[in-house]
Amino acid sequence: MTGDVANIVNRTEPESTNWLAVFSLSLGVVGFIVAEMLPASLLTPMASDLGVTEGMAGQAVTTTSFVALFSSVLMAPATRRFDRRAVLLSFAALLVISNLLVVLAVNYPMLLAARVLLGIGLGGFWVMATAVSVRMASPAMVPRALSIVYGGVSIGMVAAGPLGTYVGGIIGWRGVFLGTALLALAAFIWQFLVLPPIRLNSQSRLRTLVDLIKRPQIAVGNISMFLTFGSHFVFFTYLRPFLERVCDLGVDGIAGIFLGFGVANLAGSAVAGAMVRRGLHRTLTAMPLLMAGLAFGLVAAGSSVLLATVIIAGWGFAFGIFPVAWAAWMARAAPDETESMGGLQQAANQTAITVAAGMGGVLLDAYGPRSPFIAAGIVAILATALILAKLRPQEAQRASTTDG
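Attention in this report is confined to the structure presented alongside it. (Residues numbered from 1 in each chain as written. Predicted model: local features only at pLDDT ≥ 70, side-chain atom pairs only at ≥ 80, totals over all residues. Heavy atoms only, no water.)

**Topic: the overall build of the protein**
Inclusion rule: A helix here means a DSSP run of H or I that spans at least four residues, while a strand means a run of E at least two residues long, and both kinds are numbered starting from the N terminus. Only protein chains enter the accessibility calculation, which uses a 1.4 Å probe. A residue is then buried if its area is under 20% of the maximum for its type, exposed if over 50%, and partly exposed in between. Here a residue-residue contact requires only that any non-hydrogen atoms of the pair lie within 4.5 Å.
Looking only at helices and strands, one finds 17 helices and 0 strands in the protein. For the protein, the proportion of its 404 residues judged to be buried stands at 60%. If you take every contact in the protein between residues at least 6 apart in sequence, the share linking residues at least 24 apart comes to 88%.

Written as structure tokens, this is what we have:
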């Protein structure tokens, strides 16, 4: 993987690594992931306070991801002439502002408006964070820098799940979002202090995105990512109603299960690199297949708290692996177009979150708390079938070196 990722770096690559800058970006990732996923652990109190159903409260996730979809596609071309330091700081500022507006939300439309701002910052930050992280690292340290930035995903999931549920039970859901705003402010200040001026000489244009998606393996890969991430977000977003209604758990029990999910997620991230080195295609295939089995297993487990705990931890382990695996696939598929490829990836992911959270909320309100997990299992099976039938990472690598 080292050689593949190192190819991303352009001729102005640094001789040493700016680790403070890399870690500041990782903290930004933590803040965005926490803010994006908090509604999943706070659905019940948010819905009650704002006078809406839990399914409607879940659309706070849908709104963010829908806006992030367009932001991820448009931001790199729209800002290609601007210093990436200023652009990243703008997105970090939006993270602070959006969380403060959630704290002040007095009704459902105000909540959604705040989540629109979060979506703008989320989509843009994710697209550029990878390319900037690569620029901050020496060639030999590029893989480690990327793993640190992507490690923020796992940390954010740990914080959003158990801490959101537990702390929300003590200080209320608005207090949790206020804490997230303070975390975002810390990330903004850190990035302001340590990020140097960054000009990536980006050639990103909308036409570049079109040219990339025309590469057959990249199109297949993005559809596969869409299905895999979609399965996860159907599953994760509506865990709390399932645990409350089916397993009859209170706040402390739900927080404990989310903590197990988070710890397993960190474990998955820790072993992901080794799994990718041993077999990228095998890893990409195995994870959604495992997820399908776990989703159907949770439905079959009934009200068993023990089985639910084990299954949800297993899902957390799988989720820790596949973002790293897909990042490795992207590095092999299009090392020549870092930001544009990041835009396509985020478009696939945010579309998945939009569809998943929206579909899951409709299923929850119409058919009960088990229905989102049946859907998650079906989508994961579709992802497995597509990867097995069509996706060949080595072919994607050849395409990226011969196309255009």
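From this point, things continue past the structure.
**Notes on the packing of aromatic side chains**
What counts here: Think of it this way: a Phe, Tyr or Trp ring, Trp meaning its six-membered ring, pairs with another when their centres are within 6.5 Å, and the plane angle makes it stacked under 30 degrees, edge-to-face over 60, tilted otherwise.
In total, this model carries 13 aromatic pairs according to the counting rule given. Aromatic side chains Trp173 and Phe177 sit 6.1 Å apart centroid to centroid with 85° between the ring planes, which places their arrangement in the edge-to-face category. Pair noted here: Trp173 and Phe177 are both in helix α8 (residues 173-194), with a separation of 4 residues, about one helical turn. Judged by its relative accessible area of 5%, Trp173 is buried. For Phe177, a relative accessible area of 1% corresponds to the buried category. With a centroid separation of 5.6 Å and 80° between ring planes, the pair formed by Trp326 and Trp329 is classed as edge-to-face. With a gap of 3 residues between them, Trp326 and Trp329 both fall in helix α14 (residues 305-333), about one helical turn apart. According to the relative accessible area criterion, Trp329 is buried, its value standing at 0%.

**Side note on the environment of Met330**
Structurally, Met330 is set in helix α14. Residues Met330 and Gly221 lie 109 residues apart in sequence; the distance between their C-alpha atoms is 8.6 Å.

**Description of helix α6 (residues 108-136)**
Our working definition: A helix is expected to span 1.5 Å multiplied by its residue count minus one. Throughout, bend refers to the angle between the axes fitted to the seven residues that end at a position and the seven residues that start at it. Any pair of nitrogen or oxygen atoms within 3.5 Å is treated as a polar contact; in protein, a donor-acceptor pairing is required on top of that, and neighbouring residues in sequence qualify only through side-chain atoms on both sides.
With 29 residues, α6 should cover 42 Å at 1.5 Å per step; its first-to-last C-alpha distance of 41 Å lies within 8% of that length. At Ala129, α6 is bent by approximately 30°, the largest bend along its length. Across the 29 residues of α6, 22 count as buried, placing the element largely inside the fold. A side-chain oxygen of the first residue of α6 lies 2.9 Å from the backbone nitrogen of Met110; this N-cap is Asn107.

**Some points on a nonpolar patch on the surface**
We apply this condition: The patches described consist of residues with a relative accessible area above 30% and no salt bridge, like charges being joined within 9 Å and nonpolar side chains (Val, Leu, Ile, Met, Phe, Trp, Tyr) within 5 Å. In short, Shrake-Rupley with a 1.4 Å probe defines the accessible areas, and a residue's cover is counted only from the protein chains shown. Salt bridge, as applied in this entry: a Lys or Arg side-chain nitrogen positioned within 4 Å of an Asp or Glu carboxyl oxygen.
Among the surface-exposed residues, Leu100, Leu178, Leu182, Leu185, Ile189, Phe192 and Leu193 lie close enough to one another that they form a single nonpolar patch of about 660 Å² accessible area. Considering every element that reaches the nonpolar patch, the biggest residue donor is α8, with 6 residues. Here Leu185 shows up in helix α8. Classification of Leu185 by relative accessible area gives partly exposed; the value is 37%.

**Description of the nonpolar core**
Using the following cut-off: The criterion is simple. A nonpolar core is a set of buried Ala, Val, Leu, Ile, Met, Phe, Trp, Tyr and Cys residues joined through side-chain atoms within 4.5 Å.
Of all hydrophobic cores here, the largest spans 124 residues; its most connected members are Phe235, Leu243, Trp326 and Trp329. Here the element with the most residues in this core is α14; it accounts for 15 residues. Leave out the neighbours within four places in its chain, and Trp326 touches Gly221, Ser224, Met225, Thr228, Phe229, Leu284, Ile387 and Leu391.

**A look at the packing of helix α3 (residues 43-50) against helix α4 (residues 54-78)**
Note the threshold: Lines fitted to C-alpha atoms define the axes here, with helix axes fitted over just the stretch in contact, and angles between the N-to-C directions of these axes take values from 0 to 180 degrees. For classification purposes, angles smaller than 35 degrees are called roughly parallel, those larger than 145 roughly antiparallel, those between 65 and 115 roughly perpendicular, and all remaining angles oblique. Amino acid classes used here: Ala, Val, Leu, Ile, Met, Phe, Trp, Tyr, Cys and Pro are nonpolar; Asp, Glu, Lys and Arg are charged; the rest, including Gly, are polar.
As a packed pair, α3 and α4 sit with axes 8 Å apart at the nearest point and diverge in direction by 110°. When the interaxial angle is binned, α3 and α4 end up roughly perpendicular. Of α4, the residues touching α3 (which contributes Leu43, Thr44 and Ala47) are Glu54, Ala57 and Gly58. Each residue belonging to the contact of α3 with α4 can be placed in one class, and the counts come to 3 nonpolar, 2 polar and 1 charged.

**Section: the pattern of salt bridges**
The full count for this structure, using the stated rule, is 3 salt bridges. One salt bridge in this structure joins Asp49 and Arg174, with 3.1 Å as the shortest N-O distance. Placement of Asp49 in helix α3 and of Arg174 in helix α8 is noted, with a sequence separation of 125 residues between them. Under the relative-accessibility criterion, Arg174 is labelled partly exposed at 24%. For Arg240, the salt bridge identified is with Glu244, shortest N-O distance 3.1 Å. Pair noted here: Arg240 and Glu244 are both in helix α11 (residues 239-245), with a separation of 4 residues, about one helical turn.

**Considerations on the packing of helix α10 (residues 216-237) against helix α16 (residues 371-390)**
Going by this rule: Rotating anticlockwise by less than a right angle from the far helix to the near helix defines a left-handed crossing, while the corresponding clockwise rotation defines a right-handed one.
Following both chains from N to C, one finds α10 and α16 inclined at 160°, their axes separated by 8 Å at the closest point. As judged from the angle between their axes, α10 and α16 are roughly antiparallel. Between α10 and α16 lies a crossing of left-handed hand. Residues Gln217, Val220, Ile223, Ser224, Leu227, Thr228, Ser231, Val234 and Phe235 of α10 form the contact with α16, whose participating residues are Pro372, Phe373, Ala375, Ala376, Val379, Ala380, Leu382, Ala383, Leu386, Ile387 and Lys390.

Shape descriptors only; they carry no functional weight alone.
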